[in-house]
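Topology and contacts: notes
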Amino acid sequence: MNLPVRKCYHAAKVTFFLILVVTILSLFEHWRGGKRSAGAQLYDPEEEYEKEILEDEARIITGLGEGGVAAHLIGEAKRLGEESEKKLAINVYLSDRIAYNRTLKDYRNPACQRVVYDAELPSASVILIFHNEPYSVVIRTIWSVLNSARRDNPWYAKANYINRETGDTMRLGYPGQDEKSPYVYLKEIILVDDNSTLPELKGKLSHYVRTRLPPDLIRILRLPDRVGLTRARLAGARYAAGDVLVFLDSHCEAQIDWLRPLLQRVKDFPHAVVVPIIDVIEASNFYYSVQDPVTFQVGGFTFMGHFTWIDVPEREKKRRGSDIAPTWSPTMAGGLFAINRAYYWELGAYDEQMAGWGGENLEMSFRIWQCGGTLETIPCSRVGHVFRSFHPYGLPAHTDTHGINTARMAEVWMDDYAELFYLHRPDLRKNPKIGDVTHRRILREKLKCKSFRWYLDNVYREKFVPVRDVFGFGRFRNAGSGRCLDSLQREGEAAALGVYACHARLQPTQHFALSLRGELRDEEKCAEVQYARNTGEMGEDVSRRVLMVTCHGKQRGQKWRYLPSRQLQHVDSGLCLSVGVGEEARARRCRRSAAQLWDIDYSELN
Ligand code: UD2
Ligand code: MN
């Protein structure tokens, strides 16, 4: 009996010993682990960011691109730069090496230097939105906004102004602004991160703002989901507290004294929505390119729903009175503009159901004009923008946001003219993808907005409207061959006018018009006979090409007559439009021939 007891006792001793060893070991492990995690706590991401930023700063090449001149690298660096541009549509490798706060030369119309602004102007909230934009380009944008707002800028030199009414001395700044604040008129910069995935736009960017920029002036709004540019701007606007919202893309550089002209105009006319002249910063070499400080373009559109640049119409040149006066613009590009904050909301902000990219710019442009505001280019304000040849960031897969957003816009603002958009996009007509626009139609009712017809007749009278300024429009069907005039989707200046089998339904390539001015045209191009002016001797078998060139509106070379015989005669050359052997239309001696007989098919648009 004894034995088992002793055995038991022995076993207990061994067990106790084992437990002791295990406990000591685990305590030791715990202690080591504790030390390890204490080490992990010492790891500081801020330190890492700081190190990276110092490395970035060491990379910058002094003087490169300074003054807005083109920057060039050589050898391997040049190749790496070109490679980055192929991938990102901007030479990011080069951008990383140009000073973040490079200066620009003064490219303004010289008359701008003599303009006197109020000392007290409304405060601005500058809203920059971005999704996966190149880090150094974003930072340069922020710097340029900050630098141009500094109180010690030479253009703010006349620091004290007398208020003519009260006789008081006034300091530059927005109402109630601390006189010592180094940034005049700038209330805040709001960075809206539309859920970027690039790591450097997260902690590192925040660190940069905290350590190198005035952090009390810059707020970063991180959106938890990717919402697209319209809703990103809306988020920024909701957050903003300034009197005036100033939107910019995140690849801009503001020109000298760009902000005051915008603020002054909005102060004087709270219903004026204003845009700077947008200069081109070249994506490959960061050249700040200004063709001519005096002439600039304003915004137009195509019925396909695209924004275009147009020359300032002659009647507008007369109305505005001076080259630097606010210039009415039928539309805006969309990315760079300033608007009174209260008015922005009153006017319906944005259509928050627009996703991705596109459409919001024409929507806002038409809405401004139709609902009683004005859209103006302010020539003394210039901002450079890097125009890219493609979107480097992905857009929501398989969704044509530009098309859908434009259809939403057309449904609300274009009345029957929406059909001209659907002519290009029949697939979107009554397409459920467009979603519901009732609330935007209610907005239009509530604001008592005018019709699209009113907009075309008053704001953009120069716009060629293929169903309005015409003798006839639709298909031009040749009696002999049964084929129709067709642009053959040839693009570029002076592409030959073609003939092609008529489509069953009216299609944009076969939508032509004979305008009241006598132009044989589509939306932007007019038919001309090649070498029409040096006619001289013309043989029986003369056969000239007919080219589609930009309409000049002056009739010379672009005038056609539709004869009672159903022939289309080019006035300058006296030749008649004929079907040729190939797919190009020809201008030939007028003769009795079915090849020269045309029926204008007044097709219903749908
Ligand atoms: C032009 C406008 C742009 C916008 C667009 C039509 C100018 C100079 N640019 O195209 O502002 O009105 O037409 O929609 O007027 N972004 C996001 N989330 C996205 C996609 C883009 O935040 O899902 C940002 C992007 O990082 C950029 C801005 O939106 O800062 C505009 O995009 P863009 O530069 O690609 O457009 P852009 O200039 O070709
Ligand atoms: Mn842009």
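Residues numbered from 1 in each chain as written. Chains lettered and ligands numbered in written order. Predicted model: local features only at pLDDT ≥ 70, side-chain atom pairs only at ≥ 80, totals over all residues. Heavy atoms only, no water.

Details of helix α12 (residues 401–413)
Defined as follows: A run of H or I in DSSP counts as a helix once it spans at least four residues, and a run of E counts as a strand once it spans at least two, with each numbered from the N terminus. A helix is expected to span 1.5 Å multiplied by its residue count minus one. Accessible area is worked out with a 1.4 Å probe on protein chains only. A residue is then buried under 20% of its type maximum, exposed over 50%, and partly exposed in between. Residues are treated as being in contact if the distance between any of their heavy atoms lies within 4.5 Å.
Here α12 spans 18 Å end to end across 13 residues, near enough to the 18 Å set by a 1.5 Å rise per residue. Taking burial as the measure, the 13 residues of α12 include 12 buried ones, the bulk of the element. Those residues of α12 not exposed but buried are Thr 401, His 402, Gly 403, Ile 404, Asn 405, Thr 406, Ala 407, Arg 408, Met 409, Ala 410, Val 412 and Trp 413. Considering only its buried residues, α12 is in contact with α11 (360–370), α13 (418–424), α14 (438–446) and α15 (452–459). Asp 415, located one to two residues past α12, shows a positive phi value of around 50°.

What about the packing of aromatic side chains?
Here is the rule we go by: Two rings from Phe, Tyr or Trp (for Trp, the six-membered ring) form a pair when their centres are within 6.5 Å of each other. A pair whose planes differ by under 30 degrees is stacked, one over 60 is edge-to-face, and the rest are tilted.
Scanning all chains against the criterion turns up 19 aromatic pairs. Judged by centre distance (5.0 Å) and plane angle (75°), the ring pair of Phe 366 and Phe 452 falls under edge-to-face. Of this pair, Phe 366 sits in helix α11 while Phe 452 sits in helix α15, placing them 86 residues apart in sequence. The two residues Phe 366 and Phe 452 agree in class, both being buried. Judged by centre distance (5.0 Å) and plane angle (65°), the rings of Phe 366 and Tyr 455 are edge-to-face. In this pair, Phe 366 sits in helix α11 while Tyr 455 sits in helix α15, placing the two residues 89 residues apart along the sequence. Neither Phe 366 nor Tyr 455 differs from the other in exposure class; each is buried.

Quick notes on the state of the cysteines
One way to say it: the disulfide is the covalent bond shared by the sulfur atoms of two cysteines. Worth spelling out the cut-off: To count as a disulfide, a pair of cysteine sulfur atoms needs to be within 2.5 Å.
Enumeration according to the criterion identifies 5 disulfides in this entry. Each disulfide pairs two cysteine sulfurs, and for Cys 112 the partner residue is Cys 380, the sulfurs being separated by 2.1 Å. Disulfide Cys 112-Cys 380: torsion about the S-S bond near -90°, hence left-handed. Here Cys 380 lies in strand β14 (residues 374–386) and Cys 112 lies in the loop between α4 (92–95) and β1 (124–130), a separation of 268 residues in the sequence. Cys 380 shares its class with Cys 112; the two are buried. Here Cys 484 pairs with Cys 502 through a disulfide, and the sulfurs are 2.0 Å apart.

Things to note about the site of ligand 1
What counts, and what does not: The near set for a molecule or strand comprises every residue that places at least one heavy atom within 4 Å of it. Definition of a polar contact: a pair of N or O atoms within 3.5 Å, with one able to donate and the other able to accept a hydrogen when the atoms are protein atoms, and with sequence-neighbouring residues admitted only if both atoms are side-chain atoms. Under the convention used here, a 1.4 Å probe and the Shrake-Rupley method define accessible areas, while residue burial counts only the protein chains that appear. Classification used: nonpolar for Ala, Val, Leu, Ile, Met, Phe, Trp, Tyr, Cys and Pro, charged for Asp, Glu, Lys and Arg, polar for all others including Gly.
As a structural note, the neighbourhood of ligand 1 is formed by 24 residues, with Glu 133, Asp 194, Gly 358, Glu 360 and Tyr 393 the closest of them. Gly 358 is positioned such that a nitrogen or oxygen atom in its backbone is 2.7 Å from an oxygen atom of ligand 1. Take His 385: an N or O atom from its side chain is 3.2 Å from an oxygen atom of ligand 1. Burial of ligand 1 by the protein amounts to 93% of the accessible area it has alone, namely 730 Å². Tallied by class, the residues present in the shell around ligand 1 amount to 7 nonpolar, 10 polar and 7 charged.

Considerations on unusual backbone geometry
Although it is not a glycine, Asp 415 adopts a positive phi angle of roughly 50°. Relative to the helices and strands, Asp 415 is located in the loop between α12 and α13. Exposure remark for Asp 415: the relative accessible area of 33% places this residue in the partly exposed category. Its identity is not glycine, yet Lys 430 carries a phi of approximately 55°, on the positive side. Relative accessible area serves as the criterion here: at 76%, Lys 430 is assigned to the exposed category.

A closer look at the pattern of salt bridges
The cut-off we apply is this: The salt bridge criterion pairs a side-chain nitrogen of Lys or Arg with a carboxyl oxygen of Asp or Glu, the two atoms within 4 Å.
In total, this model carries 50 salt bridges according to the counting rule given. Residues Glu 188 and Arg 219 are paired through a salt bridge, measuring 3.1 Å at the closest nitrogen-oxygen approach. Here Glu 188, found in strand β4 (residues 186–193), pairs with Arg 219, found in strand β5 (residues 218–222); they are 31 residues apart in sequence, far enough to count as distant. Take Glu 188: its relative accessible area is 3%, and that puts it in the buried class. Residue Glu 519 is joined to Arg 521 by a salt bridge in which the shortest nitrogen-to-oxygen separation is 3.3 Å. When its relative accessible area of 2% is taken as the criterion, Glu 519 is described as buried. With a relative accessible area of 6%, Arg 521 lands in the buried category.

Some thoughts on the coordination of the manganese ion (ligand 2)
How we decide: Here the term donor refers to an N, O or S atom within 2.8 Å of the metal (or 3.2 Å for Na, K and Ca), and because water is left out of the atoms, sites may appear incomplete.
Distances from the manganese ion (ligand 2) to its protein donors, Asp 249 (OD), His 251 (NE2) and His 385 (NE2), fall within 2.2 Å. Written as a sequence motif, the donor arrangement for the manganese ion (ligand 2) is D-x1-H-x133-H. With Asp 249 in strand β6 (residues 244–249) and His 385 in strand β14, the pair connects residues that are 136 residues apart, well separated along the chain. Look at His 385 and you get buried, because its relative accessible area is 9%.

Some points on the domain arrangement of the protein
Convention followed: For the domain bounds, the source is a domain assignment made automatically or taken from a database.
Under the domain assignment, the protein is made up of domain 1 (85–386) and domain 2 (470–603). Each of domain 1 and domain 2 was reduced to a C-alpha centroid, and the two centroids are 45 Å apart.

Section: the packing of helix α5 (residues 135–148) against helix α6 (residues 203–212)
Packed helices, taken two at a time, are described by the angle between their axes plus the distance between the axes. What counts is decided by this rule: An axis is simply a line fitted to the C-alpha atoms; with a helix, the fit covers only the stretch in contact. Between two such axes, the angle follows the N-to-C directions and lies from 0 to 180 degrees. When an angle is under 35 degrees it counts as roughly parallel; over 145 it counts as roughly antiparallel; between 65 and 115 it counts as roughly perpendicular; any other value is oblique. Should the near helix be turned counterclockwise from the far one by less than a right angle, the crossing is left-handed, whereas a clockwise turn marks it as right-handed.
In contact at an axis separation of 12 Å, α5 and α6 are set at 30° when each is read in the N-to-C sense. It follows from the interaxial angle that α5 and α6 lie roughly parallel. In this structure, α5 crosses over α6, and the sense of that crossing is right-handed. Where α5 approaches α6, its residues Tyr 135, Ile 139 and Trp 143 are matched on the opposing element by Lys 204, Leu 205, Tyr 208 and Arg 212. Class assignment of the residues belonging to the contact of α5 with α6 gives a composition of 5 nonpolar, no polar and 2 charged.

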